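Letter by letter, the chains look like this.
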Amino acid sequence: MAFWNRKKSDFISLNLNDPVEPEPEAKPAPAPQVAPVVEAPKVVAPEPVKSEPIISTPVIPAPVSVAPVAPAPVVEARPVLPPPVAPPPAPNLNEEEEQKGFFLRFKKAVAKTRENFTERIEDVIKGKKQIDADTLEELEEILIGADIGVQTALDIIEDVRKQVDRQTLKEVGELKAVIKQHLIDILNKATRARGVASETAVPDDVRPYVMMVVGVNGVGKTTTIGKLAQRIKAENNSVVICAADTFRAAAADQLEIWAKRADVPLIQQKQGTDPAAVLFDSLKAAKARNADVLIVDTAGRLHNKQNLMAELEKMKRVAQKEVPGAPHEVLLVVDAVTGQNGLSQAREFLKAAPVTGLVLTKLDGTAKGGIAVAIAKELNLPIRYCGIGEQADDLVVFDPQVYVDGLFE
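Just so it is clear, the structure is predicted and the values come from calculations on it, not from any experiment.

**Student:** Break down the side chain of aspartate 147 for me, citing the residues and quoting the values.
**Tutor:** Within the fold, aspartate 147 resides in the loop between helix H4 (133–145) and helix H5 (150–165). Filtering out sequence-adjacent residues up to four positions away, aspartate 147 remains in contact with Gly339, Gln340, Lys368, Gly370, Ile371 and Ala374.

**Student:** Go over the confidence of the model for the protein, please, and point to the residues and values.
**Tutor:** In this model, the protein carries an average pLDDT of 79, and 77% of its residues clear a pLDDT of 70 or more. The model gives residues 34–38 a pLDDT under 50, and that stretch makes 5 contacts with residues more than four places away or in other chains.

**Student:** Any details on H4? Residues and values, ideally.
**Tutor:** An α-helical turn contains 3.6 residues, so any two residues separated by three or four positions project in the same direction. The terminal C-alpha atoms of H4 lie 19 Å apart, and with 13 residues this matches the ideal 18 Å at 1.5 Å per residue to within 8%. Looking at H4, one finds that the buried residues are Thr135, Leu136, Leu139, Ile142 and Leu143. Down the axis of H4, the buried set is contained in an arc of 120°. They therefore lie on one face. Phi turns positive one or two residues past the end of H4, at aspartate 147, with a value near 65°.

**Student:** Please provide a residue-by-residue account of a nonpolar patch on the surface, values included.
**Tutor:** Taken together, the side chains of Ile144, Val150 and Leu154 make up a nonpolar region of the molecular surface, amounting to roughly 220 Å² of accessible area. Within the element layout of this structure, isoleucine 144 appears in helix H4. For isoleucine 144, a relative accessible area of 31% gives the class partly exposed.

**Student:** Can you explain the sheet that holds strand E1 (residues 209–214)? Please cite residues and give values.
**Tutor:** Spatially, the 8 strands line up as an open sheet ordered E3-E2-E4-E1-E5-E6-E7-E8, and their pairing is mixed. Bordering the open sheet on either side are strand E3 (266–267) and strand E8 (395–397), each of which pairs with just one other strand. Across 3 bridges, strand E7 (residues 383–387) lies against E8 in antiparallel orientation. Paired with cysteine 386 across the strands is valine 396, a residue of E8. On top of the sheet, helix H12 (residues 371–379) reaches strand E5 (329–335), strand E6 (357–361) and E7; it is set at about 160° to E6, its chief contact.

**Student:** Which residues make up unusual backbone geometry, and what are the values?
**Tutor:** Here the residue pair arginine 207 and proline 208 is connected by a cis peptide bond, since its omega of -5° sits within 30 degrees of zero. With an omega of -10°, the peptide bond between alanine 326 and proline 327 qualifies as cis. Topologically, proline 327 is positioned in the loop between helix H10 (305–322) and E5. Within the chain, asparagine 236 stands out as a residue other than glycine whose phi angle is a positive 65°. You can see asparagine 236 is positioned in the loop between helix H7 (221–233) and strand E2 (239–243). The exposed category is assigned to asparagine 236, whose relative accessible area is 66%.

About the thresholds
Residues numbered from 1 in each chain as written. Predicted model: local features only at pLDDT ≥ 70, side-chain atom pairs only at ≥ 80, totals over all residues. Heavy atoms only, no water. Helix = DSSP H or I, 4+ residues; strand = E, 2+ residues; numbered from the N terminus. Contact = heavy atoms within 4.5 Å. pLDDT = per-residue confidence, 0-100. Expected span 1.5 Å × (residues − 1). Buried < 20%, exposed > 50% of the residue type's maximum accessible area, 1.4 Å probe, protein only. Arc of directions from axis to C-beta. Patch = residues over 30% accessible without salt bridge, like charges linked within 9 Å, V, L, I, M, F, W, Y side chains within 5 Å. Areas by Shrake-Rupley, 256 points an atom, 1.4 Å probe, with all protein chains shown as cover. Salt bridge = Lys/Arg side-chain N within 4 Å of Asp/Glu carboxyl O. Pairing = 2+ DSSP bridges. Axes fitted to C-alpha atoms, helices over the stretch in contact; angles between N-to-C directions.

Printed below as a string of structure tokens:
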């Protein structure tokens, strides 16, 4: 499944999660065959013939001349090399297989939420033949317990109650399907409401595509930027990172580690520098390199919203002077583990920043993954990406259908 495809229309398989096939064991090379050395034939000189001496005329035998025989050439032995071993073929997954693997990973990531949500629903409706008031009350508690949100839970149960009264919903087994459809509708509505649902909305000739990342400290903002850079570059896009959070000393150090890991340039200045100045330098550097994407880290503080708003507005003006329409995305990072507290932080940040989309991190680390629904309904913004693990390829594009299917299957 393609991760970031503003310039691409064809399906791209990253093969980041495919099992590595073991290489075949190389057979030992046979011992080199040495050609036999042909020895030259030995030439034996004839023994002199002894003759009886004649006293009158002694006869002196003539010397026997032996022609020199050249030695036979020695054939040099050459080792016989084994045939080259062909490398194993690279995995070639089609889109259907990749989508199936993507669903399985998502299903594993929301396993804790599924146990706290879907399995509890099954326990409530098991053995019951009709939907009564007690059943609806228990379902409401389950929905609230999964952090779907009080108002969302009340709305869903109220709709179920109306369908029961109209007798359009009679079977207990149909309850899961009704709840599932409600969740999908909420997430899809948020995707269509406002913000940026896809990077493909920006023309291909606009470079760099500027992504500004905001969020309070501790939600995984720096890690998200590193994973974004690594995943976007993995699809043949050039990336530059801007370290504009100049107030937190550790921010630049962490980004430097991720930039080296992803092998992408990092533009930074000394601590306390005006973030807009760092962004200006980063935009110039990205344009000089003809980079496809510029990812901008920002300050993660909320103690003074007025200063934060002024800072972000100044950065926005600087970006727009250099690149039309920049920043093209302002991504708010929210920690799923913090649940309703994370939602409260998101509300405050929306008052200070022009957020266009959300990144939900640590979805695999909570049993209250229903917070994705609460955030989408409350903030009315699309969830662009979510973290389902600690590896670079565990930051994935959020898919409402896959997310809800993972909760119910």
